[in-house]
Amino acid sequence: MELTQLLYIDPAATSVLLTSLTAIVVAVGASAIVIWRKFKKKVDKTLNKDPNANKEIEEELVIVDEETKTEDAAEAAETAEKVEEPVETTEPAAEEKAPEAKAKSKKQK
């Protein structure tokens, strides 16, 4: 066998090798980031530092167009009218039924 035959690397093997090396680099990098964040969190906790101390909290921004506003106002007015109207019943209350039933039963006897 010649030396040139021993140095031949198949293209498929090369792509597998490069893919494996890339995966190893990504895995080591991701692990390093996770370890660094855990370490930093423990140090901050030990030193009683709040990482959110200097952050500004923004108010919620809700953008509503005019059509939606008027539709929502109309729906709210309709529901308010429905709630305010008294409910009419056609049947007498249970207390009112009892004396009538007693009177009928007396008449039947």
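Conventions adopted
Residues numbered from 1 in each chain as written. Predicted model: local features only at pLDDT ≥ 70, side-chain atom pairs only at ≥ 80, totals over all residues. Heavy atoms only, no water. Helix = DSSP H or I, 4+ residues; strand = E, 2+ residues; numbered from the N terminus. Buried < 20%, exposed > 50% of the residue type's maximum accessible area, 1.4 Å probe, protein only. Areas by Shrake-Rupley, 256 points an atom, 1.4 Å probe, with all protein chains shown as cover. pLDDT = per-residue confidence, 0-100. Phe/Tyr/Trp six-rings, centres within 6.5 Å; stacked < 30°, edge-to-face > 60°. Expected span 1.5 Å × (residues − 1). Patch = residues over 30% accessible without salt bridge, like charges linked within 9 Å, V, L, I, M, F, W, Y side chains within 5 Å. Salt bridge = Lys/Arg side-chain N within 4 Å of Asp/Glu carboxyl O. Lys, Arg positive; Asp, Glu negative; His and termini not counted. Charge placed at Lys NZ, Arg CZ, Asp CG, Glu CD.

Enquirer: Looking at this model, I keep getting lost on the overall build of the protein. Mind explaining?
Expert: Summing up its helical and strand segments, the protein has four helices and zero strands in all. Counted from the first residue to the last, the protein has its helices and strands arranged as α-α-α-α. Buried residues in the protein amount to 1% of all 109 residues. Here the protein has roughly 11,400 Å² of accessible surface; of this, 60% comes from carbon and sulfur atoms.

Enquirer: In this structure, what is going on with the confidence of the model for the protein? I would like to understand it.
Expert: Low pLDDT means the predicted atomic positions in that stretch should not be read closely. Averaged over every residue, the pLDDT of the protein is 78; residues scoring 70 or more account for 71%. Per-element averaging of pLDDT across the protein places helix α4 (residues 94-108) at the bottom with 57 and helix α2 (residues 11-46) at the top with 95.

Enquirer: Would you mind going over the packing of aromatic side chains with me for this structure?
Expert: We describe a pair of aromatic rings using the distance from one ring centre to the other and the angle between the two ring planes. All chains considered together, the criterion is met by one aromatic pair. With centroids separated by 5.9 Å and ring planes inclined at 40 degrees, the aromatic side chains of W36 and F39 adopt a geometry described as tilted. Here W36 and its partner F39 are both found in helix α2, three residues apart, which amounts to about one turn of the helix.

Enquirer: Help me understand α2, please; the structure alone is not making it clear to me.
Expert: Every α-helix winds through 3.6 residues per turn, so residues three or four apart in the chain are directed the same way. Spanning 36 residues, α2 covers 53 Å between terminal C-alpha atoms, matching the ideal 52 Å at 1.5 Å per step. Just downstream of α2, N48 is the residue with a positive phi angle, here 55 degrees.

Enquirer: I would appreciate a short explanation of the environment of P51 in the present structure.
Expert: Tracing the chain through its elements places P51 in the loop between α2 and α3 (66-84). For P51, a relative accessible area of 60% puts it in the exposed group.

Enquirer: When you look at a negative patch on the surface in this model, what are you seeing that I'm missing?
Expert: Together, D65, E66, E67, E71, D72, E75 and E78 make up a region of like negative charge exposed at the surface. With respect to the helices, strands and loops of the structure, E78 is situated in helix α3.

Enquirer: Could you clarify how one ought to interpret a nonpolar patch on the surface in this entry?
Expert: A surface patch of nonpolar side chains, amounting to about 490 Å² of accessible area, comprises L17, L18, L21, I24 and V28. The topology assignment puts L21 in helix α2. Given a relative accessible area of 46%, L21 falls into the partly exposed group.

Enquirer: For this particular structure, what's the right way to read unusual backbone geometry?
Expert: Both trends apply: most residues other than glycine have a negative phi, and most peptide bonds are in trans. In this structure, N48 is a non-glycine residue whose phi angle is positive, near 55 degrees. When you line up the elements, N48 lands in the loop between α2 and α3.

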